[in-house]
Amino acid sequence: MVESIQVIDDGDSMAILGDLEAIDGFLQSHHLQSLAEPINPHTDRGYLSGMVAQVLGDRALSGKWVRQDGKAPKALSQYDLHRDQRTGLSAGTVLVKDGEEAQGGQRFLDGWESALSPVMLTNIGALITQYELQQTMQAMVEYLRRIDKHVDDILRAQRDTVLTNMVGVNLVIEDALAARNQIGHVSQTTWDKVQATSLAIAQTQAYAIRQINVITEKIGDGSGVHDLGTDMGNYRDQINEWLAVLARSLQLQDASTILELDRVAQVEPDELDQHRQAVKTAREHRVRVISENADHLLKQLDQTAEKANKEVLLHPQQSPRIVDYCNLIKQDMAEFGQGIGLDRSSDPLTSRPWLDAARDTTSQIMETSREGIDTARDIGGQVLGKTLKGVGTAWDLSGRALDRTKGGVDNARDLGDQALNQAKELGGRIADSASRQSSEILHNANLKKRITHLFHPDEHNQDPQ
């Protein structure tokens, strides 16, 4: 037997309407049973649920809501669903035969075409968003229950008035949800009270994120391993407290958004689809901000563990303690992230054993020593080579100097011989000149004597008396 099921997908989750057996067969064939929850507009007393139940009647009782986790988009990719450009929803009919899908198409069959009008598709799209928010709310409630943190006590202990006022915000939202379920819509009075809480919720979220960032900076502020090992336990407690505050604020904001969609569908139905897309965009932005800050903390934890492992030789007790706390905080972040659709699971960090550090350090010292010896040997060889080269150079210079010295002696001998010869020649010249002068003087003297004898012959013949 062939049955038709109607699929409406908004990209984050989808609603499947039709025969229960056919829906279960479709989910089972794609291994999506664990992701599905029943849609029962008759038990959910919200305004949107009431409108869907009024139009679809009993056909809505067997519906299933399926969250996306990677499997659902792959399952839908083989069907030719029609994407509405105005709403962004993809919708169509899938034919199922004997519990397995037969084909997909763009047309709604078996009377669904008139039931699923554009207005009704918009309402179902908003209802899908409400189911997504309800899932996140429930995940945050379960998270707070697991970590056993009394958020109201944490908030009351704060000095900031915005945080202490969150206790009252919680009461306002809970009362508004109870009133909606009781009367089937959100009254103006109820909505005025809810609307007044939006600022306090947003401020609390920003404050909690800021406090987690402050702790992240403290972990990475350059403190020594000894001090950090003492403080990590306290840092973990503080992070968990602010994660609890953040979880409660997200829970209350999602509840406020559920009330907001009901209120818009009631008083401004023409703007419902735009409003649905706007609140989804705002929520994606909040999750992205939380994701970025979570990644910053996780990166800092990795760096801190690496630093601790490097100093395990000096701090054998504190270093493993730091790594253990880094792993615990990462587990806390992964557990928190699951509730808002963030996968921050990772392999645990490993502590470096002290003996391994000691062995590696010894090996490094020996290696450094060997390198030092090799370096010294190389330097010594270089010095010896330079010394021998210097000796050879000095020997060459000495030989050159000796050659130059011999040449100088020979030159001096030649110069001396030249000077002696010149002296001899000069002395000969002087002697010759003196001889000539003596001869001239003697000659002149004889000449004078002869002249005197001629004129006075008797003077030279008389004997002395």
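Preceding this paragraph is the structure being described.
Notes on the structure in this doc start here. Worth saying up front: this structure is predicted, and the values here are computed from it rather than measured.

**Some remarks on the overall build of the chain**
On a plain count of helices and strands, the chain comes out with 13 helices and 7 strands. Evaluated residue by residue, the chain yields a buried proportion of 39% over its 465 residues. For the chain, restricting intrachain contacts to residue pairs at least 6 apart in sequence, the fraction spanning at least 24 positions comes to 77%. A total of about 26,800 Å² of accessible surface is found on the chain, and carbon and sulfur atoms cover 51% of it.

**Focus: the pairing of strand β2 (residues 13–18)**
Consecutive side chains along a regular strand alternate between the two faces of the sheet. Taking burial as the measure, the 6 residues of β2 include 6 buried ones, the bulk of the element. Here β2 shows no split at all, with S13, A15 and L17 on one side and M14, I16 and G18 on the other all buried. In the sheet, strand β1 (residues 2–9) pairs with β2 via 5 bridges, with the strands oriented antiparallel. When the bridges of β2 are listed, Q6 appears paired with L17. Hairpin remark: β1 followed by β2, antiparallel, with 3 residues in the connecting loop; positive phi at G11, about 95 degrees. Bridge count between β2 and strand β4 (residues 64–67): 4 bridges; the pairing is antiparallel. Bridge assignment links S13 to a residue of β4, and that residue is R67.

**Focus: the nonpolar core**
Residues M232, I290, L297, L301, M333 and F336 are the most contacted members of the largest nonpolar core, which totals 59 residues. Of all the elements in the fold, those that place two or more residues in this core are α5 (118–147), α6 (151–156), α7 (161–183), α8 (188–195), α9 (198–219), α10 (225–267), α11 (272–310) and α12 (318–339). The biggest single contributor to this core is α10, with 16 residues. Residues contacting L301, with those up to four places away along its chain left out, are I219, M232, C326, I329, K330 and L349.

**Observations concerning the packing of α9 against α11**
Running from N to C, α9 and α11 point in directions that differ by 15 degrees, and their axes come no closer than 9 Å. Accordingly, the angle class assigned to the pair α9 and α11 is roughly parallel. Like other packed secondary-structure pairs, α9 and α11 cross with a definite hand, here left-handed. The segment α9 lies against α11, with Q205, I209, I212, N213, T216, E217 and I219 engaging R286, V289, I290, N293, H296, L297, Q300, L301 and T304. The class makeup of the residues in the contact of α9 with α11 is 7 nonpolar, 7 polar and 2 charged.

**Some remarks on the packing of aromatic side chains**
By the definition in use, this model includes 3 aromatic pairs. Aromatic pair W65 and Y131: ring centres 6.3 Å apart, planes at 25 degrees, arrangement stacked. Taken as a pair, W65 in strand β4 and Y131 in helix α5 lie far apart in primary sequence, 66 residues in all. Its relative accessible area of 0% is what places W65 among the buried residues. For Y131, a relative accessible area of 9% puts it in the buried group. Taking 5.6 Å as the distance between ring centres and 70 degrees as the angle between the ring planes, the aromatic pair formed by Y143 and F336 counts as edge-to-face. Taken together, the positions of Y143 in helix α5 and F336 in helix α12 put the pair 193 residues apart, joining distant regions of the chain. Y143 gets classed as buried once you look at its relative accessible area, which sits at 1%.

**Some details on α8**
Residues of α8 that are buried include every one of T190, W191 and V194, and no others. Each buried residue of α8 lies within a common arc of 95 degrees when the element is viewed along its axis, so the set occupies one face. Turned more than 90 degrees away from the buried face of α8, the exposed residues are T189 and K193. Buried residues belonging to α8 abut α7, α9 and α10.

**Digging into the environment of E21**
In this structure, E21 sits in helix α1 (residues 20–29). Along the sequence, E21 and V96 sit 75 residues apart, while their C-alpha atoms lie 9.7 Å from each other.

**Here's the deal with unusual backbone geometry**
Phi at H31 is positive, roughly 55 degrees, even though this residue is not glycine. Along the chain, H31 turns up in the loop between α1 and β3 (36–38). A residue is classified by how much of its surface remains accessible, and H31, at 55% relative accessible area, is exposed.

**Looking at α10**
Counted at 1.5 Å a residue, the expected span for α10 with its 43 residues is 63 Å, and the 60 Å between its end C-alpha atoms agrees. Maximal helix bending in α10 amounts to about 40 degrees, located at D231. With 32 of 43 residues buried, α10 is to be regarded as a mostly interior element.

**A look at the pairing of β4**
Relative to β4, β3 is paired through 3 bridges, and the arrangement is antiparallel. Residue pairing in the sheet places A36 in a bridge with V66 of β4.

**Some remarks on the pattern of salt bridges**
Side chains bearing opposite charge may pair, as long as their charged atoms lie close to each other. All told, the structure shown has 11 salt bridges when counted by the stated rule. Among the salt bridges present, the one from R146 reaches E335, with a minimum N-O distance of 2.6 Å. With R146 in helix α5 and E335 in helix α12, this residue pair connects regions lying 189 residues apart in the sequence. A salt bridge links D302 to K330; its shortest N-O distance comes to 3.0 Å. Here D302, found in helix α11, pairs with K330, found in helix α12; they are 28 residues apart in sequence, far enough to count as distant. The exposure class assigned to K330 is buried, which follows from its relative accessible area of 8%. Among the charged side chains, a salt-bridge network with shared partners connects D10, D12, E132 and K280.

The rules behind these values
- Residues numbered from 1 in each chain as written.
- Predicted model: local features only at pLDDT ≥ 70, side-chain atom pairs only at ≥ 80, totals over all residues.
- Heavy atoms only, no water.
- Helix = DSSP H or I, 4+ residues; strand = E, 2+ residues; numbered from the N terminus.
- Buried < 20%, exposed > 50% of the residue type's maximum accessible area, 1.4 Å probe, protein only.
- Contact = heavy atoms within 4.5 Å.
- Areas by Shrake-Rupley, 256 points an atom, 1.4 Å probe, with all protein chains shown as cover.
- Pairing = 2+ DSSP bridges.
- Core = buried A, V, L, I, M, F, W, Y, C linked by side-chain atoms within 4.5 Å.
- Axes fitted to C-alpha atoms, helices over the stretch in contact; angles between N-to-C directions.
- Parallel < 35°, antiparallel > 145°, perpendicular 65-115°, else oblique.
- Left-handed = near helix turned anticlockwise from the far one by under 90°.
- Nonpolar A, V, L, I, M, F, W, Y, C, P; charged D, E, K, R; others polar.
- Phe/Tyr/Trp six-rings, centres within 6.5 Å; stacked < 30°, edge-to-face > 60°.
- Arc of directions from axis to C-beta.
- Expected span 1.5 Å × (residues − 1).
- Bend = angle between axes of the 7 residues up to and from the residue.
- Salt bridge = Lys/Arg side-chain N within 4 Å of Asp/Glu carboxyl O.

Everything listed here is a matter of geometry and, on its own, says nothing about what the molecule does.
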